[in-house]
Structures are given as structure tokens and as C-alpha cells.
Amino acid sequence: MTCSALLDMLIVFSVIGFCVTNEVWAVRQSVDLHEPTKKSHTMRHRLKRGWIWTQFFIQEEQPAPQNIGQLKSDSDKGDLSIKYVLSGEGAGDVFHIDEFTGKIITLRKLDREEKAFYVLRGQALNRRTNQPVEMGSEFIIHVQDINDNMPQFINEPYVSSIPEMCPVGTTVAQVTATDADDPLYGNNAKLIYSIQQGEPYFSVEPKTGIIVTSWPNMDRETQEKYLVIVQVKDMMGLSGGHSATTTVTISLSDVNDNGPTFQHNLFTFAVAESAPVGTTVGRIMADDPDVGINARMNYSFEEADGSDTFQIRTDPVTQEGVILLVKPLDYESKKRFVMAAEAFNDNVDTRFLSYNEFRDRTTLKIFVEDVDEPPEFTTGEYEWKIQENMAAGTTVGVVSARDSDAANNPVRYYIAKGSDMKREFKIDPDNGTIMIAKSLDREDSAWHNLTVTAKEKKQNFLFSSALVFIKVLDVNDNAPQLSQEYRPYICEGVQSGELVQVISAVDQDDPPEGHHFYFSMVPEKRINPNFTLRDNQGNTASILTRRSSFNRQDRTQYLLPVVITDSGSPALTSTATLTISVCSCQPAGHCPTGGVEAFAISMGLSVPTLIGILVSLLTLTVLSILMLAVWKHRKQRQKKELAREKGTERWDYISEKVLRYSETGVGEADSVACRTVPLRPHPRRRERRLRREEVTASIRMSLRHSYLIGPEDEVFQQFILDRLADADNDPCVPPFDCLHSYAFEGTGSPAGSLSSLGSCASEPNFERPPDPGPRFMRLAPWTGAGEEQTTF
């Protein structure tokens, strides 16, 4: 028997079962409707049903109209006196009843997924009276399901991750689909899952949709991601059903199932011997197909010769081994390093590999490249000592440097100029011997810091430097001196044996055992009648009075020579002379050291005498200032009076000029040719001021003789010199920077003098001068002689 035949039989049996069930329900309804109101207490009589119908099921999606069944009352005699009425869910819009026959039909297609059943009520009425002939009855119309819906997956998209190397049967994910058809009617909603793509690595449980692994030891490094297509079908997967598919993205997460592996058994590097500490020599890399924490690794060197010269560190980003230089290299000492390097994982998982499989080794060869290096001193610093005052040419010490390269070039030595500004030392350029060039003085400089340079003679002329410290040892070559300038004094009436002054000494030398000074009197004057010297044995000495009754009237100052001797070998001596003043001390025994009194004492004068001298000087100064002020006031008043006489209040702003007339101009052009010539100033001042009458008379005399005397005449020259001197020396007559009077205008002019200065004479002469010719304009209008027209 085929599957389709079985399906048809199941559908028929289902329909029959529902019909029987509805018949029983109808009989019960009929009994209930016809049961009498008054019930017997002994027995219940079964009455005949009052309704008849043929069908209560209809398949969904059937075209309308579709006959569902028929209502029929026992009272219906076929005379059309009975009227059937339908009410309830869908009455009138979904279902319609024939009021004469009671047949029920559909008005439109039904969708079970929209509504699975309808509850209706049927009534039989008397058509004439419209009264029910029987009790109404409720019934249910079931919408029978058909396979009209496709299954659908929910919760899409599906993404899952499982660790690589997981065992077979590991659950990956679960897919879920739904079907809107009736799961209780047939196989319309019975779903079956299957794998369309993803075998043989994955499989799915047909009823639950659970996806599991079906391939052992799946390796992420081989394939990291899988796309599995799952299909779902209704009707238990039989033909004629609906289906749908979904894609499940499955990723394999990494586990540490691989160890680091070097792709090369030997790595070779080269580094220059001059490379500084910290230089990156090179990088090595061990491959690990794992990712993340499973790929983290560290590198190390095995203990070997030279492993302390280099260091290897892991780059956290690239996971490379970085080889660093940690010690200086020397090609001449070691030219090659051979070391073993190891890489190992931080995270070890022994479920997949053994412990030793998580590490790998390789060999490193590092070659040192030769570099031409500068000469190298035997030591970086030299320190020597030498006594001061040694003769020039004395050897201080020897520096030594050599070229460490294979060429071993010869070396020359130099002293850096900046380190020996005074050129006190010199060096032998061939053997490095440093000598004194000038005599040294410890008191001038106790230390000398030199920079010595050693330079190759050939190839690149490389050089290096070393520091030389020279300490100058002290020699007793400075005599002791008093520590300060002492000003001792004694008071009048001082008693014998009183302390005058405590003195001390200093010495520029620096003896190793410290200073010790001895004080004494001058040998030929050891016995001083006035003072005595006592050595305190502590580098100090006390000066004491030897007598009493010192008096300023007898003597104001005493000179006391003191001999100071140091403790050097040989000892040096110096003599210092102290000036001891006799002072008129205050009642408390204090001698003034400042002010008028101290000044008077230093000058050998009494205080009243000094005050009198100062008062006299002050009086003379005040009188001089007053006299100068009175003299200036008189000068200013005289200047104002003279200004008023000449018709102006202020002459300071008047500046007379000399006009020079051109002889080549014609008409008004002559005025353009005229130019001003200022006279030069003269710094001298006139000791006496000429009166105004004398100046006027001088001008008048000049006018009288100007036509007769030429510039070569001695009278003319002397006149000019006198007027020039008067103008230069007169501080009161303006203008103060110009000569203001000239008597002669030229030599041999037929017009005579053109000056109008004679207008101030007592007898002015306005006679018309001879015709000067067509080139000159007449000056008669200038002197007020009428208004006749001037011709050219």
C-alpha cells in the first residue's frame, strides 16, 4: 500500500470519527430540548430529536458557495410553514441558511488559521406567527485544515562556535521551525529536519533540529568557518509537502594544539663593533598557527659563550624575538658569536600535545664587523702633582694611547687649546710627554685641567681625548701680611701696660701643617720706649703701652714697625708699620671713628677750629650765589630796556640777513636771483656794550665815505673788522647770529651805494642818483621819493 493511500484512509477515518461524535452530541441536544419541564422522580423518558442535519465540517480554502449541511425540524411538513433562522458567529456574512429548506451554505472561503470553528444557533419559526415551533439549538461548524502553510524558521540568523578538535556528537546549535497548519489534523504540521550542506562534518536530529558534529578532530588551522544549510519539511517529509531552509554559520575557536616552529635552522646577523649598547641586531620568528593567547611565546638563549653580550626579547605585537646588544663589541677580541635560541609557548595544553612539543630551537650566528676606531688611551683620566716655581721644561707626566685596529697606525698628541688658555704646558707630539712651559704659581691656580687629544697619522685621522688633572703643590714663596688694615689708637692719659690692639696675619701659601706666625719688633728697635709687642702663640700678637701720660699736644701719632715671620722652610719675613693715633677719648674711653670729630682728629685740628672753617666756607658759597643772581637780573633788565628803545619788546626772534643782488637779472627776475646769506655765529661776548649813539654815528660816517673809498683801502678794511668785532662781541643787540651793518656794496659801481641805512642820518639826501642803466631798477621809491614809474 502506498503512502498516499494510507493518507487518504486516515483522512476518511478522521471524518467518520468527527461525524459520530457530532451525532452523539446532536442526540443529546435533542433529548435536552424535548425533555419535559416537570421531571419524574422515578424515571426519565427519552424523547425523539427535533433537528436533522447532515454535515458539520468544511475544508478551508473551498470556493463559495459551499453546502455545509441542513437544519430540519420535526414539525416541518413540507408545506413551507416553517421558517429557519441562523444566528451566532459568522451568521449572515460567512454563513447563510435557506429559510425554507434549512440548508446552510458558505458565503466566502474559510481559513482555518484565521478561525478554526464557529458557534452558531438555529431556530424554527412559524412563518405566520413568527413564533418558535421548537426550542433553538446551538451547533459548531469546524473548518477542516489543509496543508496550505509553509514551515518557517524562527530566531534567525543562526551563528554558533565550537572549539576545534572537539569529539564527535558535540552539540553545535539547535534550529527551530514552526508551521501554521493544524498539528492535530493529519501530518500537515509534522516537521522533519535534514542537512542540505555541511556533511560529513555535521548532522541534524530530524525531529528536534539539534545540530551535532559528525567528524572527529576538526582543525581550525585547516578550516575555521563552516556554512551548514538545514532544510525543514512538513507532512513528515513526504512528497507533496512544503519545505524551508536556513543557514547556520559555525566557527571553530582556537585551542593550543600547535607549538612554535622555526622555519630555518640557522639565522645569521652582522653588527658593527662600534654599535652602541641597545642596538637591535636582528629579529627571529617562530611560526605558531594558533591565535590569541595560544600563540604567545617567549624566546631565550641557552647558556653559551657570548650569551651575556646579547639579549633577546619578545615583541608583544608581532611575537618576534628581538636581539639586542647589551655589551660593547670589540672586533679585535671576538669576531663571531654562535648561540642557540629557543621559542616556547606561554600557555601549554597537554590534552593535545606533550610539553616538549610546545617549544623549538634554532641557531644564531652573529658576526662582528671591523670599524676603524680612534686611538685608545690607557686610562681615561690622568692625575699628577708638581711643585710650583719649577723651571720651564720640567716633565709633569706621560700620556699613552695606541690604535687598537689591525693597522696600528702611529699616533700624535696635542693639548686642546681651550684647556690651556695661558699656554703653561706643552706636550711632545710623538711620545705624549707633558712638560711645563711657564713657571707655575699655586696662588694663581692650584689645579690645571688639560684635555689631551691623540690623533691617528694616517687613514681617517680619527682621534680621542683624555683628561689630565695637574695639582700644583705649595712652596713657601709668599711672606705673611697683616690680615687687615689696622687703625690702632690710645687715649690721652692711658696707663702703662694697657692693650692697644690685637693683630693677626695671613699668608697666601698653604702649608700642609697649617699656618703659624711669629710676631716681633724690629731687631734694631727691640726696646721701644712707648709700646711693647707680645706674641700670643696663636697666630696673634698684642700691642701694649709701655708708659703712661700720652698727650696729643706733645704728639698725635706714633709709628710702630712689626716683624711677621711664617713657619715655612725657609721661613719668610715681612715688616708692617702700624700708625697709632693719640685720641681725645669720650668719657667711656671711646675714640670717635666717624663724623666731624674724627675728621678733625685725622687732620690734626681741634673740633672748634674745624667748625669755624666749615662755617666760613659755607658763607662764601652763599654770597657767591647771591652775587651771580643779582648780576643775571641786571643783565635781563638791560636787555629789556634796549629792546623797548628799538621799538620791539623782544629782539630774540629778529634775524637780519645780507641781501646779495645779482647783476645779471632783468626786471622782476632780479628779485628771484636775490638770496639770503646768514652770517656765522661767534661764541665770544663783548665785554662792554656800545651805546646807540655811537652805532648811529658809525653808520653815518660809513655812508659819507662809501662813494669815495674802495674795498682795497685800509680804512675800509679796518672799518669792516671793527664792525665785525662789535657784532660778534655784543650779547645784547639782536640779531645775535648775524652781522647787521655793512657800509660798502662793491667797487666801481656807477650807481654808488644802494644801501638805505643812511635813512637814519640827520640830513637825508634824496637826490636822484645817476642813471644806473637799463639793468637796474631805481630805488627811489624805496626811500620815499615819489611814485614815478620805473623804466627798464
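As a starting point, this report considers the structure included with it. In this text the structure is predicted, and so the values were computed from the model without any measurement. All chains use their own residue numbering, which begins from 1 and follows the written sequence. Owing to the predicted nature of the model, reporting of local features is limited to residues with pLDDT of at least 70; listing and counting of side-chain atom pairs is limited to 80 or more, with chain, interface and lining totals taken over all residues. For side-chain calculations, the full set of non-hydrogen atoms in the structure is used, while hydrogens and water are omitted.

**Examining the overall build of the protein**
Scanning the protein for helices and strands turns up six helices and 46 strands. The 792 residues of the protein split such that 32% are buried. Throughout, a residue-residue contact means that at least one pair of heavy atoms, one from each residue, lies within 4.5 Å. Within the protein, contacts between residues at least 6 apart in sequence are counted, and of these 64% link residues at least 24 apart. For the protein, the computed accessible surface area is about 48100 Å², with 53% contributed by carbon and sulfur atoms. Note on conventions: DSSP H or I runs of at least 4 residues are helices, E runs of at least 2 residues are strands, and numbering of each starts at the N terminus. The classification of residues rests on relative accessible area computed with a 1.4 Å probe and restricted to protein chains. Under 20% of the type maximum is buried, over 50% is exposed, and intermediate values are partly exposed. Shrake-Rupley sampling with a 1.4 Å probe provides the accessible areas, and residues are treated as covered by the protein chains on show and by no other component.

**Observations concerning the pairing of strand S39 (residues 499-506)**
Strands qualify as paired when DSSP identifies two bridges or more between them. Sheet topology note: the strand S37 (residues 481-482)/S39 ladder contains two bridges and is antiparallel. Its bridge partner being in S39, Gln481 is matched across the sheet by Val506. Direction of pairing for S39 relative to strand S42 (residues 540-545): antiparallel, over a ladder of five bridges. Note that in S42 the partner of Ser504 across the bridge is Thr540.

**A look at the packing of aromatic side chains**
Side-chain rings of Phe, Tyr and Trp, where Trp is taken by its six-membered ring, are said to pair if the distance between their centres is within 6.5 Å; with planes under 30 degrees apart they count as stacked, over 60 as edge-to-face, and otherwise as tilted. A complete count under the given rule lists 13 aromatic pairs for this structure. Ring geometry for Phe202 and Tyr226: centres 5.5 Å apart, planes at 75°, overall edge-to-face. You can see Phe202 sitting in strand S15 (residues 202-204) and its partner Tyr226 sitting in strand S17 (residues 225-233), a full 24 residues away along the chain. For Tyr226, a relative accessible area of 8% puts it in the buried group. Geometrically, the ring pair formed by Phe550 and Tyr558 is edge-to-face, given 5.4 Å between the ring centres and 85° between the ring planes. What makes Phe550 buried here is its relative accessible area of 2%. Ring pairing ties together the aromatic residues Tyr201, Phe202, Trp215 and Tyr226, which thus form one cluster. Whether a charge lies above a ring is judged from NZ of Lys or CZ of Arg, which has to be within 6 Å of the ring centre and within 35 degrees of the ring normal. The lysine or arginine in question, Lys334, covers the ring of Phe337, its NZ or CZ lying 5.2 Å from the ring centre.

**Thoughts on the state of the cysteines**
Disulfide assignment relies on a single distance test, namely cysteine sulfur atoms paired within 2.5 Å. In the structure shown here, the tally under the stated rule is one disulfide. Covalently, Cys491 is tied to Cys585 through a disulfide, its sulfur atoms 1.7 Å apart. Sign of the S-S torsion, about -90° for the bond between Cys491 and Cys585, identifies this disulfide as left-handed. With Cys491 in strand S38 (residues 489-491) and Cys585 in the loop between strand S44 (573-583) and helix H2 (595-603), this residue pair connects regions lying 94 residues apart in the sequence. Taking relative accessible area as the criterion, Cys585 reaches 22% and is therefore assigned partly exposed.

**Here's the deal with the environment of Thr575**
Inspection of the secondary structure assignment puts Thr575 in strand S44. Judged by relative accessible area, Thr575 falls into the exposed class, the value being 52%. With 56 residues separating them along the chain, Thr575 and Phe519 place their C-alpha atoms 9.6 Å apart. Not counting the four nearest positions on each side in its chain, Thr575 is found in contact with Val522, Pro561, Val562 and Val563.

**Description of the sheet that holds S15**
Working definition: the strands of a sheet are paired by backbone hydrogen bonds and lie parallel or antiparallel to each other. Spatial strand order, S12-S16-S15: three strands in an open sheet with antiparallel pairing. Each edge of the sheet is formed by a strand with only one pairing partner; in this case those strands are strand S12 (171-174) and S15. Between one strand axis and the next, the sheet turns by 25° as a mean value, whatever way the strands run. Both S12 and strand S16 (residues 210-213) contribute to a ladder of three bridges, which runs antiparallel. Among the inter-strand pairings, Gln174 is bridged to a residue of S16, identified as Ile210. For every element, the axis is a line fit to its C-alpha atoms; helices are fit only across the contacting stretch, and the angle between N-to-C directions ranges from 0 to 180 degrees.

**Digging into the environment of Pro65**
Looking at the element boundaries, Pro65 is found in the loop between strand S2 (57-59) and strand S3 (67-70). Relative accessible area serves as the criterion here: at 62%, Pro65 is assigned to the exposed category. Along the sequence, Pro65 and Leu107 sit 42 residues apart, while their C-alpha atoms lie 5.4 Å from each other. Apart from residues no more than four positions distant in its own chain, Pro65 is found in contact with Ile105 and Thr106.

**Quick notes on the pattern of salt bridges**
Where charged atoms from two side chains of opposite charge come close, those side chains can pair. The term salt bridge refers to a side-chain nitrogen of Lys or Arg lying within 4 Å of a carboxyl oxygen of Asp or Glu. Under the criterion given, the structure shown has 20 salt bridges. Here Glu89 ties to Lys115 by a salt bridge, and the two come within 3.7 Å at their closest N and O atoms. Here Glu89 is found in the loop between strand S5 (82-88) and strand S6 (95-97), whereas its partner Lys115 is found in the loop between strand S7 (103-106) and strand S8 (117-126), with 26 residues between them in sequence. According to the relative accessible area criterion, Lys115 is partly exposed, its value standing at 30%.

**As for the pairing of strand S29 (residues 381-387)**
Residues Tyr382, Trp384 and Ile386 of S29 are buried on one face, while the alternating residues Glu381, Glu383, Lys385 and Gln387, pointing to the opposite face, are not. As judged from the seven bridges shared by S29 and strand S36 (residues 463-473), these two strands associate in the parallel manner. Its bridge partner lying in S36, Trp384 is registered against Ile470.

**Quick notes on unusual backbone geometry**
Glycine aside, the phi torsion of most residues is negative, and most peptide linkages are trans. Residue Pro157 is reached from Glu156 by a cis peptide bond, and omega for that bond is -5°. Within the secondary structure, Pro157 is located in the loop between strand S10 (152-154) and strand S11 (158-163). Of note, the amide linkage connecting Ser569 to Pro570 takes the cis form, showing an omega dihedral of 0°. Note on placement: Pro570 falls in the loop between strand S43 (557-565) and S44.

**What about the sheet that holds strand S23 (residues 297-301)?**
Strand order in the open sheet made by the four strands is S20-S27-S26-S23, with mixed pairing throughout. Of all strands in the sheet, those bounded by a partner on one side alone are strand S20 (266-272) and S23. In this sheet, adjacent strand axes meet at a mean angle of 30° when their direction is disregarded. Here S23 runs beside strand S26 (residues 336-345); their pairing, made up of five bridges, is antiparallel. Its bridge partner lying in S26, Ser300 is registered against Glu342.

**Comments concerning the side chain of Ser464**
In this structure, Ser464 sits in strand S36. Judged by its relative accessible area of 15%, Ser464 falls in the buried class. Here a polar contact is recorded for every N or O atom pair within 3.5 Å, except that within protein the pair must consist of a potential hydrogen donor and a potential acceptor, and residues adjacent in sequence are included only if both atoms are side-chain atoms. Reaching out from Ser464, the side chain makes a polar contact with the backbone oxygen of Pro375 at a distance of 2.3 Å. With near-sequence residues (within four places) excluded, Ser464 lies in contact with Pro374, Pro375, Glu376, Phe377, Val452, Thr453 and Ala454.

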